[in-house]
Amino acid sequence: MSDWRVRAVRASKRPFSRSVVRSTDTQPAPEHSMDPRPDQPVEPVTLERSVVDAAVYRDGRRTEAPADLADIYRELPGRPGTMAWIGLFRPAEAQLLEAADRFNLHELAVEDAIVAHQRPKLERYGDTLFVVLRAARYLDEAEEVDFGEIHLFVGPDFVLTVRHSQAPDLSAVRRRLEEDPELLALGPEAVLYAVLDAVVDGYAPVIAGLQHDIDEIETEVFGGDPQVSRRIYELSREVIEFQRATRPLLEIMKSLEAGFGKYGTDDELQRYLRDVADHATYAAERVDGFRQMLQNILTVNATLVSQRQNEEMKQLAEAGHAQNDEIKKISSWAAILFAPTLIGTVYGMNFETMPELKWVFGYPFAIGLMALVCTGLYLVFKKRDWL
C-alpha cells in the first residue's frame, strides 16, 4: 500500500469530540457519479450498497446502466461529450481508495473525504475540483437543525459525490438534471451547480424554522418563562453551527466565479451559479442576523431577570421594614405596660416594715407614679416614631 494510502487509513481512525452529522437515517438515496483514468488496470468492482447510483452520460443523456464500476471506467476514455457520475453513500475506505486510484485524486482530498467532518471549502488539485458542503434540514419535532456533509470530486469528465449523511437527497438532483439534458450536457460543472443549488435551497426551511423559534423565544422572554434562558442558549448553538455551514459557502462561490474565464465556464451556467451565490449570500446574512438577534434577546432577558430580582428584593425589604415597625410597636407597648406592673408588684408585697404602707397618700402616689411613667414612655416612643 502506498504511503498516502497508509496516511488515509490512519486518519480514518482519528477520534472526534463531536459528530457534526446528527442524522440517524441509514437508507441511502440515489446519488451521482464520477469516472476513471484509463491508463490504470481495472478489476471489476460490483456495485455495492454504498454505491447509490452510477451512470455514464453522453450529450446529457444517460446511457445503459453499467453492471459494475469497471464498465463505467471503460466508457469514458476518448469519448467527447461523455461524463461519468458516481454517487457514494458512506463508502468503505477501500472503495474510496479504489476510486481515488481510478481517477488520480489527490491524496489530501481523499484523506479529507475518508475522515469527513470538514468545514465547507473548495480546493483545486490540477484539473480536479474538491468541494466540501454542509447541508442542513430543520427537524420540527425536536426544534433543532440536522447537519449533513457531502464531498464532491469534479474532474474534466467525471463527478464523484461522497455523502456522509442523508441530506441532501441527491436522487432528486439527478432526476432534475436528467430531465434537462441541455443543462446536463454542460458537463461536470452542471452537476456541481445542481448540488450547490440543492444545498442552498435546503437552507430556506431551516431559516424559516429558526425564525419561528426566535419569535417564540421573544414571547417567552417577555412572558417571564424561567426556562427561556436554556432555550436561547441551545438555539444559539444551532445558529452558530448553521453559520459555520453558510459563511464559507460565500468564499466557495467567489472562487468559482473567479475561475469562469480561466476555465471557460458556459455563460448560461455562469448565470445559474451567480443565482446560487445570491441565495447563499441571503442565507448567510439571515443567519448572521439570527445570531445578533439571539445576543440581543439574551441581553434583554438578563435585564428583565435582574429587574425581577430587584423587585423581589425590594418587596422583601419592604416586608422586613413593616415587620420591624410592628416589632417596635409591640416592644413599646410592652415597656409601657411593664412600668405599672413593676410598681404594682413592689407595692403588692406583704411586708410589715415596708415604707409608705401606712401613708394616707400611698395609694394615690402609686397610681400617679404608674401614670407618669407610662405617659413618659409613651411620649418618648412616639417621638422616635415607634408608635
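Model, not experiment: these values are computed from the prediction.

Remarks on the confidence of the model for the protein chain
- Of the residues in the protein chain, 82% reach a pLDDT of 70 or more, and the chain-wide mean stands at 78.
- The least confident element of the protein chain is helix H1 (residues 3–11), whose mean pLDDT is 40; the most confident is helix H7 (residues 188–201), at 93.
- A low-confidence stretch, residues 1–47 stays under pLDDT 50, and its non-local contacts, those more than four residues away or across chains, total 154 contacts.

Observations concerning a nonpolar patch on the surface
- A contiguous nonpolar patch, built from Trp359, Val360, Phe361 and Phe365 and spanning about 450 Å² of accessible area, is present on the exposed surface.
- With respect to the element layout, Val360 can be found in the loop between helix H10 (267–347) and helix H11 (362–383).

A look at unusual backbone geometry
- A positive phi angle, close to 45 degrees, is found at Arg90, a residue other than glycine.
- Counting through the fold element by element, Arg90 comes out in the loop between strand E3 (82–89) and helix H3 (93–103).
- Judged by its relative accessible area of 33%, Arg90 falls in the partly exposed class.
- Positive phi, close to 55 degrees, is recorded for Asn104, a residue that is not glycine.
- For Asn104, the position within the fold is in the loop between H3 and helix H4 (107–115).

As for the environment of Thr265
- Relative to the helices and strands, Thr265 is located in the loop between helix H9 (228–258) and H10.
- Spatially, the C-alpha atom of Thr265 lies 9.8 Å from that of Ala190, the residues being 75 residues apart in sequence.
- Aside from chain neighbours lying at most four places away, what touches Thr265 is Glu189, Gly259, Phe260 and Gln270.

The rules behind each value
Residue positions within a chain follow its written sequence, with the count starting from 1. The predicted nature of this model means local features are confined to residues of pLDDT at least 70 and side-chain atom pairs, given and counted, to a pLDDT of 80 or more, with totals for whole chains, interfaces and linings taken over all residues. The basis for the side-chain values is all heavy atoms of the structure; hydrogens and waters are excluded. Confidence of the predictor at the level of single residues is captured by pLDDT, which takes values from 0 to 100. Comment: elements are numbered from the N terminus, with helices defined as DSSP H or I runs of at least four residues and strands as E runs of at least two. Two residues form a contact once any of their heavy atoms are found within 4.5 Å. Note that patches include only residues with greater than 30% relative accessible area and no salt bridge, and the join distances are 9 Å for like charges and 5 Å for nonpolar side chains (Val, Leu, Ile, Met, Phe, Trp, Tyr). To be clear on the numbers: accessible area is Shrake-Rupley with a 1.4 Å probe, and residue cover counts the displayed protein chains and nothing else. We define a salt bridge as a contact between a side-chain nitrogen of Lys or Arg and a carboxyl oxygen of Asp or Glu at a distance within 4 Å. Classification of residues uses two cut-offs on accessible area relative to the type maximum, computed with a 1.4 Å probe and protein chains only: under 20% is buried, over 50% is exposed, and between them is partly exposed.

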